[in-house]
Amino acid sequence: MMKSSYLVASLVLLSACVSGSATPPPLPPPPPPAAPAPVADGATEPAPAPTLDDLVGHYRYSGGREDEEARDAAVEKTVAEVFLLGRGMAREKILVACAIDDEIDIRREGDLFVIKLADRFLLKTGLSVPPVTIVGTDGDDLALTFEQRGAQLVQLAQGERGGTRRVFTPDGKGGMTLQVTIFAPRLAVPVDYLVHYRRVED
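The structure reproduced in this document is the subject of the present report. (Residues numbered from 1 in each chain as written. Predicted model: local features only at pLDDT ≥ 70, side-chain atom pairs only at ≥ 80, totals over all residues. Heavy atoms only, no water.)

### Regarding the overall build of the protein chain
The cut-off we apply is this: Starting at the N terminus, helices and strands are each numbered in turn, a helix being any DSSP run of H or I of at least four residues and a strand any DSSP run of E of at least two. Only protein chains enter the accessibility calculation, which uses a 1.4 Å probe; a residue is then buried when its area is under 20% of its type maximum, exposed when over 50%, and partly exposed in between. Only the protein chains shown count as cover for residues, and the accessible areas themselves come from Shrake-Rupley with a 1.4 Å probe.
Along the backbone of the protein chain there are two helices and 13 strands. Here the protein chain holds 202 residues, and the buried ones make up 41% of them. Of the roughly 10,700 Å² that the protein chain leaves accessible, carbon and sulfur atoms contribute 55%.

So, in structure tokens, the structure goes:
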């Protein structure tokens, strides 16, 4: 059984009432297939469908202020449901949990996926295999899984007090998007936001 550090929002005890969920909200539909790509003679042919292997590579954050403002708005939406006197502390803890990674590295080692999120932690397991137990920074055991959803890689780390879901999606232009959702029984509104990355040479 693998043990690893994993950042989880321990702020879940700060909300006023138990009205959230220990499971993540449903995923939105996967993105539609890419539009046909123009060719030299003016005709069109279908663009190659993205695959999970298109995610393999090294990425650098490219979202800039627009992504950061969207992330901050998502945090404020969650904090607004927290008891008034606890909002300042909740905001601080959520923003730590929602730190945007400057770089992300995604590799395949045989049947395993290895994801390194900046210098914070390493996630490693196979697709649709029994959960691997990792330990959150608050000491909670979390079940880590990776699942394929079309060309998307869905990573979930979940415990009794909630967890984090990350959805990695190739953007068809050599980059990717990352949808992050933090959820907990004591968070009435999950934190949910999207950030953008561009592929860079190792």
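### Looking at unusual backbone geometry
Non-glycine residue Ser128 carries a positive phi angle of around 50°. Relative to the helices and strands, Ser128 is located in the loop between strand 7 (121–126) and strand 8 (132–136). Accessibility expressed as a relative area gives 59% for Ser128, which makes it exposed.

### Section: the pairing of strand 11 (residues 162–170)
Keep this limit in mind: Two strands pair if DSSP finds at least two bridges between them.
Of all nine residues in strand 11, nine are buried; the element is thus mostly enclosed. Residues Gly162, Thr164, Arg166, Phe168 and Pro170 of strand 11 are buried on one face, and the alternating residues Gly163, Arg165, Val167 and Thr169, pointing to the opposite face, are buried as well. Sheet topology note: the strand 10 (residues 152–159)/strand 11 ladder contains seven bridges and is antiparallel. Looking at the pairing, Gln155 lines up with Arg166 of strand 11. The hairpin formed by strand 10 and strand 11 contains two residues between the paired strands. For strand 11 and strand 12 (residues 175–183), the ladder comprises eight bridges, and the chain directions are antiparallel. Counted as the bridge partner of Phe168 is Leu178 from strand 12. Turn length for the strand 11-strand 12 hairpin, with the two strands adjacent in sequence and antiparallel, is four residues, and the turn residue Gly172 shows positive phi of about 80°.

### A word on the environment of Lys124
Mapping Lys124 onto the fold places it in strand 7. Given the relative accessible area of 29%, Lys124 is considered partly exposed. Sequence separation between Lys124 and Phe113 is eleven residues; the distance between their C-alpha atoms is 5.7 Å.

### Comments concerning the pattern of salt bridges
What counts, and what does not: Any carboxyl oxygen of Asp or Glu within 4 Å of a side-chain nitrogen of Lys or Arg constitutes a salt bridge here.
Under the criterion given, the structure shown has seven salt bridges. The shortest N-O distance in the salt bridge between Arg91 and Glu76 comes to 2.6 Å. Residue Arg91 is found in helix 2 (residues 87–97), and its partner Glu76 is found in helix 1 (residues 64–79); the two are separated by 15 residues along the sequence. Looking at Arg91, the relative accessible area reads 28%, which means it is partly exposed.

### Remarks on the environment of Gly63
With respect to the secondary-structure elements, Gly63 resides in the loop between strand 4 (57–61) and helix 1. Given the relative accessible area of 18%, Gly63 is considered buried. Measuring from C-alpha to C-alpha, the distance between Gly63 and Arg198 comes to 8.9 Å, with 135 residues separating the pair along the chain.

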